[in-house]
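Coordinate analysis (summary)
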Amino acid sequence: MLMDDYSLFHAGNVVLQSGITFRDAKLAYKTHGRLAADKSNVILYMTSFSAHHYDVDWIIGPGKALDTDRYFVVATNLFGNGLSSSPSNAVEPFNGTRWPNFTIADNVAIQHQLITRHLGITELQLACGWSMGGIQAYHWAALYPQMVRRIAVICGAAKTSAHNKVFLEGIRATLTADPAFQNGTFVSRPERGLRAMGRSYAAMAMSQTFYREELWRGAGFSSLEDYLVMSWEMNFLRRDANNLLAHLWTWEHADISANPIYQGDFHAALWAITARALIMPSETDLYFQVEDNRLEVAQMRNAKLLPIPSVWGHRAGLPTANVEDAAFISDAIGQLLAE
């Protein structure tokens with residue numbers, strides 16, 4: 001089924017980790033490039049917090065890191081982002097306060113159905129993504145190690161850290177302070193809450209150096225206020241607030257060992273990853289920190305830690321206005337694919 005520029009995979013009735021059966025789950029995805037006859041040229045690229053596939057596609061295209069002249073790139077949308085099944089498009093009984101939260105493992109299990117059952121693919125040359133996309137790549141490598149040859153985790157982690165959870169709790173509290181939040185759901189558009197969320201988010205997403213050196217000017221903004229309004233407030237004003245709540249829950253509960261396979265054994269889950277792993281945190285990321293990734297890499301078989309030398313904080317991993325970081329990430333992924 002074609003919807004504008006993407007397709008929908010109907011996964012049917014899926015049992016989530018919560019035990020709830022989600023009926024007629026719909027996974028939105030976009031493909032780029034041509035699938036080889038032997039289906040050996042597949043890259044899976046996954047979306048980040050609140051993003052749609054076209055928000056993060058800077059890395060996809062002819063001659064780019066995910067080169068569509070060579071690879072068949074499948075870009076999947078997280079459940080809860082408004083394109084895949086989400087609070088904003090849910091019907092009874094899963095609208096309102098009854099939305100059953102999807103874990104990252106739930107997302108990856110349904111992506112696996114798309115890749116194997118629908119597209120007939122048995123091997124991924126690369127699973128990758130930024131932020132929550134990187135979290136998904138980690139899950140793919142741990143849950144389906146026999147399928148994944150390489151992963152690239154850009155500003156992500158195998159488990160949401162305690163500090164990261166504190167950040168997310170603050171963001172949730174900011175958003176839900178809006179009077180439109182009633183009885184566990186938003187009953188109208190919370191403009192004040194969305195604007196406040198954007199301003200709060202901006203402090204943690206970018207580094208102190210980014211603001212001290214006024215690097216927002218190079219991105220086309222005339223003042224700090226202009227940057228906060230046009231970049232951060234506008235980013236969240238175009239999102240659905242209940243979808244944002246769903247994604248905050250998914251992000252906060254991310255853990256590659258929180259499943260029946262590993263039963264909470266984080267070391268075992270990391271050690272089970274056989275894919276060649278490229279882990280790329282930003283040196284100045286304030287919530288996906290280099291040290292967390294360093295501890296993960298130390299417990300993996302075949303992983304390389306390659307921090308991005310950037311002052312753009314977490315947004316170093318989405319360098320749409322930052323050519324240096326874009327080149328660094330693209331070169332690193334190119335080398336990974338060549339190995």
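Conventions adopted
Residues numbered from 1 in each chain as written. Predicted model: local features only at pLDDT ≥ 70, side-chain atom pairs only at ≥ 80, totals over all residues. Heavy atoms only, no water. Helix = DSSP H or I, 4+ residues; strand = E, 2+ residues; numbered from the N terminus. Rg over C-alpha atoms; globule rule 2.2 N^0.38 Å. Contact = heavy atoms within 4.5 Å. Areas by Shrake-Rupley, 256 points an atom, 1.4 Å probe, with all protein chains shown as cover. Lys, Arg positive; Asp, Glu negative; His and termini not counted. Charge placed at Lys NZ, Arg CZ, Asp CG, Glu CD. Expected span 1.5 Å × (residues − 1). Buried < 20%, exposed > 50% of the residue type's maximum accessible area, 1.4 Å probe, protein only. Polar contact = N/O pair within 3.5 Å; in protein donor to acceptor, adjacent residues only side chain to side chain. 1 Å grid on protein atoms, 1.4 Å probe; cavity = no way out; pocket = protein on both sides within 12 Å on 5 of 7 lines; lining within 4 Å. Points joined across faces, edges and corners; volume = space filled by probe spheres on them. Nonpolar A, V, L, I, M, F, W, Y, C, P; charged D, E, K, R; others polar. Domains from an automatic or database assignment. Axes fitted to C-alpha atoms, helices over the stretch in contact; angles between N-to-C directions. Parallel < 35°, antiparallel > 145°, perpendicular 65-115°, else oblique. Left-handed = near helix turned anticlockwise from the far one by under 90°. UniProt positions renumbered as here; feature names shortened; annotations may be inferred. Salt bridge = Lys/Arg side-chain N within 4 Å of Asp/Glu carboxyl O.

This part is about the overall build of the chain. Helix and strand content of the chain: 10 helices and 13 strands. For 339 residues, the compact-globule formula gives about 20 Å, and the C-alpha radius of gyration of the chain, at 19 Å, lands near that figure. Overall, the C-alpha framework of the chain stretches about 55 × 50 × 40 Å when taken along its three principal axes. A separation threshold of at least 6 residues defines the contact pool for the chain, and within that pool the share at least 24 residues apart is 73%. Just so you have it, the chain exposes about 13,900 Å², and 51% of that area is on carbon and sulfur atoms. If the 27 positive side-chain charges of the chain are averaged to one point and the 32 negative ones to another, these points end up 4 Å apart.

On to helix α7 (residues 241–252), then. In this model α7 runs 17 Å from its N-terminal to its C-terminal C-alpha over 12 residues, within 8% of the 16 Å that 1.5 Å per residue would give. Burial analysis of α7 places 11 of its 12 residues in the buried class, which makes it a mostly covered element. Burial in α7 covers these residues: A241, N242, N243, L244, L245, A246, H247, L248, T250, W251 and E252. Among the residues of α7, the N-terminal cap falls to D240, whose side-chain oxygen and the backbone nitrogen of N242 are separated by 3.0 Å.

What follows is about the layout of surface pockets. In this structure, the largest pocket spans a volume of roughly 520 Å³. The wall of the largest pocket is formed by 29 residues, among which W130, W232, N235, R315 and L318 lie closest to the centre. Of all the elements, helix α6 (residues 224–237) adds the most residues to the lining of the largest pocket, at five residues. In the lining of the largest pocket, the residues fall into 17 nonpolar, eight polar and four charged. Both domains that meet at the lining of the largest pocket, namely domain 1 (7–160 + 256–338) and domain 2 (164–247), each give it at least three residues.

A separate point is the packing of helix α3 (residues 162–176) against α7. Orientation of α3 relative to α7, taken along the N-to-C sense of each, is 165°, at an axis distance of 10 Å. Overall, the two elements α3 and α7 adopt an arrangement that is roughly antiparallel. Pair α3 / α7 crosses with left-handed handedness. Contacts between α3 and α7 involve N164, K165, F167, L168, E169, I171, R172, L175 and T176 on the former and, on the latter, A241, L244, L245, L248, W249, W251 and E252.

This part covers the environment of H139. In this structure, H139 sits in helix α2 (residues 132–143). The class of H139 is buried, set by a relative accessible area of 2%. The contacts of H139, once residues within four sequence positions are left out, are I104, A105, V108, Y144, A158, D255 and I256.

Feature annotation in UniProt places "active site" (unreviewed entry) on S131, D285 and H314, given in this structure's numbering. Spanning 184 residues, the named residues form one tight spatial group whose C-alpha atoms are at most 10.7 Å apart. Put simply, the named residues that line the largest pocket are S131 and H314. When neighbours within four sequence positions are excluded, S131 is seen to be in contact with S48, I154, C155, G156, F288 and H314.

So, on to the pattern of salt bridges. Under the criterion given, the structure shown has 12 salt bridges. In this structure, D55 engages R238 in a salt bridge whose closest nitrogen and oxygen atoms are separated by 3.4 Å. Of this pair, D55 sits in the loop between β4 (42–46) and β5 (60–61) while R238 sits in the loop between α6 and α7, and the two are 183 residues apart along the sequence. The salt bridge partner of E191 is R195, with a shortest N-O separation of 3.0 Å. Remark: R195 and E191 occur in helix α4 (residues 191–205); sequence separation between them is four residues, near one turn of the helix. Among the charged side chains, a salt-bridge network with shared partners connects E191, R195, R199, E225 and E233.

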